[in-house]
Amino acid sequence: MSSPRLALFAVLMLAITAGTLADRPRPRPPIVIGGYRVLAVDFHTHSSMWSDGALTPWGLVLEAERQGLDAIAITGHNQVRDGRMGRWFSRLVGGPTVLPGEEILSDKNAYHLIAAGIHRMVSFQQSAARAIDDIHRQGGIAIAAHPFPGSAGYDQAAMQRLDGAEICHPMIYAVESGQRDLERFAARAPVAAIGSSDFHGIGTMGFCRTHVFVGDPSASSGSPRASLIDDTSAQAILDAVRAHRTVVYGRDGQAYGDPALVRLADDDGRLRVAAPSNSRGGWLDWLSRIGGVLGLAGAIALGPRRPRPGG
Amino acid sequence: MLTDLSPDGPQLSAEVRVLHSPAAVFRELSQKRGGGAWMLVRRPLLLAFMLGWLVSLQASGRLSARLIADGALSFAFVPVFEMAALAAVYRLGPRRISFARAVDLFFSGNAPWLLWMIAFATLRCLQTPRQATAPPVFLLWILELSLVPIAVWSAWIDLHFFREVLPRPAARPRRDLILQRAIAWTCSIGYFFGYAIWPYVVSSGT
């Protein structure tokens, strides 16, 4: 191998080493506000196993840990297998709580609906209201996924049944009217505010996230109910969403959710800083990406040492 | 390792040279003999590594061993289906080089896609996490439209591969290219987007 190529391979290896060193889980200290345990949850993630994501189900679990998330829903497109696989892996490694789920993409594109905490596939060949009934029969929750204008399937019957609606989704940052559109949808019915990243592998998982308030603040310490505050189980999360005990920060830091919980969270201040930073990272990150691009591009472009004449 | 140069050629890899003069490069490289397991897998592995490299940069803005491995595994179907499609075309007629060498040369023709991936990764290097998570709509359009000339460029290179490397009658290279693309792309799109596009397929039939 030629010396310049060898040097470029070394740069690439250095870049991977730097990136691997910087790839540490974010600290995830338990947050208790107003007697509730507050969990950071991303209810909308996709894996590479048949859901056009870029990470495997177990990769999603590890990424959720790196992003300081307490729980994720792995929501396969019209299937729940990758969610079940992610839950199995997370239990194996003691990772975040995984809610097996499904993003139901209806025929005729009438609605996209998140089903979190279900066990078997919900058919996409039915109305949104009937799909929500099916989700509820399985003990899951139904969340309207990125319900921008054009989601015609959300009629009055569906709206009355919904548990939550995405009020923070990456598109609110890309489309000027996005946040207002989601606000208008959420105003149609009393639903829990949900923030989800719709993570397919590009960008940051949990960039939009839901702060879920689980537990029972009325329980006195030492009572069996007091242990609920440490309950990070899927059931506790689903119960909290059904009770609309969520807070979400949207565009420009606007808070959404239960007004009393929003006030508690604002007084406390920790949830606002718990969201992923918009910084490009430290020097290890810069070294990793610049070295990674230059090293790989150079190593591919250069050939081996040219043989010496007569040699 | 991944380069095949004539003693008089420039000190550039086959990937770079094939971008502008694929016929000459394929003609020259197909004269060489050789094969073996390493030759069969080295360029498919490079493609898988590059896909993992891109996933890592896109998902975290850095290269980590964890994300590279996960991304490479997630997109391993791309080189697998490409190889399977090439194998189908390779078996349909006479051949003068080993399958391992044919795979090696064919994958060097992925150079336009590698170039696109490097450009996409460079863009990510400059973005904040928010810009990467929610890129402006016009940028998405540019990225998607940029794939069109890349696909045409890649098809042009592969057409030269089928002309120069596999000794087939005059009209066959175009047919080989279409067959290879039909198999590889149908399988890849079906695997990756199948569940997402199935409701649209169902509703279009009603």
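For the structure, check the block above.
Since the structure is predicted, the reported quantities are computational estimates derived from the model, not experimental observations. (Residues numbered from 1 in each chain as written. Chains lettered and ligands numbered in written order. Predicted model: local features only at pLDDT ≥ 70, side-chain atom pairs only at ≥ 80, totals over all residues. Heavy atoms only, no water.)

## Thoughts on the overall build of chain A
When its secondary structure is counted, chain A shows eleven helices and eleven strands. Along the first, second and third principal axes, the C-alpha set of chain A runs to 85 × 50 × 40 Å. Across the 311 residues in chain A, those meeting the buried criterion constitute 56%. Considering only contacts in chain A between residues 6 or more positions apart, those separated by 24 or more positions represent 68%. Carbon and sulfur atoms form 57% of the exposed surface of chain A, whose accessible area is close to 12,600 Å². The distance from the centre of the 31 positive side-chain charges to the centre of the 29 negative ones in chain A is 7 Å. (Helix = DSSP H or I, 4+ residues; strand = E, 2+ residues; numbered from the N terminus. Buried < 20%, exposed > 50% of the residue type's maximum accessible area, 1.4 Å probe, protein only. Contact = heavy atoms within 4.5 Å. Areas by Shrake-Rupley, 256 points an atom, 1.4 Å probe, with all protein chains shown as cover. Lys, Arg positive; Asp, Glu negative; His and termini not counted. Charge placed at Lys NZ, Arg CZ, Asp CG, Glu CD.)

## Looking at the overall build of chain B
For chain B, the helix and strand inventory stands at ten helices and zero strands. Helices and strands appear in chain B in the N-to-C order α-α-α-α-α-α-α-α-α-α. Its C-alpha atoms give chain B a radius of gyration of 18 Å, near enough to 17 Å, the size a compact globule of 206 residues would have. Dimensions along the principal axes, computed over C-alpha positions, put chain B at roughly 50 × 50 × 30 Å. (Rg over C-alpha atoms; globule rule 2.2 N^0.38 Å.)

## A look at the interface of chain B and chain A
Chain B puts 61 residues into the contact, and the matching count from chain A is 66 residues. Contact between chain B and chain A buries roughly 5,300 Å² in total, counting both sides, with carbon and sulfur atoms accounting for 61%. At the boundary of chain B and chain A, one finds four salt bridges. For the salt bridge of Glu63 of chain A with Arg66 of chain B, the shortest nitrogen-to-oxygen distance reads 2.9 Å. Summed over the shared surface of chain B and chain A, the result is 22 residue pairs in polar contact (both at pLDDT 80 or more). Going through the elements one at a time, α1 (14-20), α3 (37-60), α4 (65-74), α7 (111-126), α8 (129-133) and α10 (172-204) of chain B are the ones with two or more residues in the side of chain B that touches chain A. Class assignment of the residues belonging to the side of chain B that touches chain A gives a composition of 40 nonpolar, 16 polar and five charged. (Buried area = accessible area lost by both parts, 1.4 Å probe. Salt bridge = Lys/Arg side-chain N within 4 Å of Asp/Glu carboxyl O. Polar contact = N/O pair within 3.5 Å; in protein donor to acceptor, adjacent residues only side chain to side chain. Nonpolar A, V, L, I, M, F, W, Y, C, P; charged D, E, K, R; others polar.)

## Some thoughts on the nonpolar core
Counting residues in each nonpolar core, the largest one holds 67 residues, and the members touching the most others are Ile72 of chain A together with Met50, Trp53, Leu63, Met117, Phe161 and Phe162 of chain B. If you tally residues by element for this core, the top one is α3 of chain B, at nine residues. The residues contacting Leu63 of chain B, other than those within four sequence positions of it, are Leu12, Ala15, Ile16, Gly19, Thr20, Ser288 and Gly292 of chain A together with Trp53, Ser56, Leu57 and Ile68 of chain B. With 24 residues, the next largest nonpolar core counts Val122, Ala131, Ala142 and Tyr154 of chain A among its residues. (Core = buried A, V, L, I, M, F, W, Y, C linked by side-chain atoms within 4.5 Å.)

## What to know about a nonpolar patch on the surface
All names here are of chain B. Together, Trp185, Ile189, Phe193, Ile197, Trp198, Tyr200 and Val201 make up a nonpolar patch on the protein surface, roughly 650 Å² of accessible area in all. Examined against the element boundaries, Val201 turns out to sit in helix α10. Of the residues examined, Val201 reaches a relative accessible area of 43% and is grouped as partly exposed. (Patch = residues over 30% accessible without salt bridge, like charges linked within 9 Å, V, L, I, M, F, W, Y side chains within 5 Å.)

## As for the pairing of strand β3 (residues 71-77) of chain A
All names here are of chain A. Extensive coverage of β3 is indicated by the burial of seven of its seven residues. Across the two faces of β3 the burial is the same, with Ala71, Ala73, Thr75 and His77 and Ile72, Ile74 and Gly76 all buried. Of the strand pairs in this sheet, strand β2 (residues 36-45) and β3 are connected by three bridges, and their pairing is parallel. The residue of β3 that forms the bridge with Val41 is Ala71. Two elements, β3 and strand β4 (residues 97-105), share seven bridges in a ladder whose sense is parallel. (Pairing = 2+ DSSP bridges.)

## A look at the environment of Leu264 of chain A
Residues and elements named next belong to chain A. Relative to the assigned elements, Leu264 resides in helix α9 (residues 259-268). On the accessibility criterion, Leu264 (31% relative accessible area) is partly exposed. Residues Leu264 and Ala10 lie 254 residues apart in sequence; the distance between their C-alpha atoms is 51 Å. Each residue touching Leu264, except ones within four places of it in the same chain, is listed here: Ile33 and Gly34.

## A short note on the pattern of salt bridges
With the rule as written, the count across this model stands at 18 salt bridges over all chains. In this structure, Arg66 of chain A and Asp23 of chain A form a salt bridge, with 3.7 Å as the shortest nitrogen-oxygen distance. Taken as a pair, Arg66 of chain A in helix α2 (residues 57-66) and Asp23 of chain A in the loop between α1 (3-22) and β1 (31-33) lie far apart in primary sequence, 43 residues in all. For the pair Arg66 of chain A and Asp23 of chain A, a shared accessibility class is recorded, and that class is buried. Salt bridges here are not isolated pairs; linked through shared partners, they connect Asp23, Glu63, Arg66 and Asp285 of chain A together with Arg62 and Arg66 of chain B.

## Description of the environment of Pro135 of chain B
Position of Pro135 of chain B among the secondary structure elements: in the loop between α8 and α9 (137-164). In this structure Pro135 of chain B comes out as buried when scored by relative accessible area, which is 14%. Not counting residues within four places of it along the chain, the set of residues in contact with Pro135 of chain B comprises Ala174 of chain A together with Leu140 of chain B.

## Looking at the packing of α3 of chain B against α4 of chain B
Residue and element names in this part refer to chain B. Closest axis-to-axis distance for the α3/α4 pair is 7 Å, and the angle between their directions is 125°. By the angle class used here, α3 and α4 are oblique. At the point where α3 passes α4, the crossing takes the right-handed sense. Packed against α3, whose contacting residues are Ala48, Phe49, Gly52, Trp53, Val55, Ser56 and Ser60, the element α4 presents Leu67, Ile68, Gly71 and Ala72 at the interface. In terms of residue class, the contact of α3 with α4 is built from seven nonpolar, four polar and no charged. (Axes fitted to C-alpha atoms, helices over the stretch in contact; angles between N-to-C directions. Parallel < 35°, antiparallel > 145°, perpendicular 65-115°, else oblique. Left-handed = near helix turned anticlockwise from the far one by under 90°.)

## Re α4 of chain B
Within α4 of chain B, seven of the ten residues are buried, which leaves the element mostly enclosed by the surrounding structure. Those residues of α4 of chain B that fall on the buried side of the exposure criterion are Arg66, Leu67, Ile68, Asp70, Gly71, Ala72 and Ser74 of chain B. For α4 of chain B, the elements touching its buried residues are α1 and α2 of chain A together with α3 and α5 (77-90) of chain B.

## What about the side chain of Glu166 of chain A?
All names here are of chain A. Tracing the backbone shows Glu166 in strand β7 (residues 164-168). Here Glu166 occupies a buried position and makes no salt bridge, while the nearest side chain of opposite charge, Arg209, is found at 13 Å. At 2.8 Å, the side chain of Glu166 forms a polar contact with the side chain of His44. Residues in contact with Glu166, not counting those within four places in the same chain, are His44, Ile114, Ile143, Ala144, Ala145, His146, Pro147, Leu182, Ile194 and Ser196.

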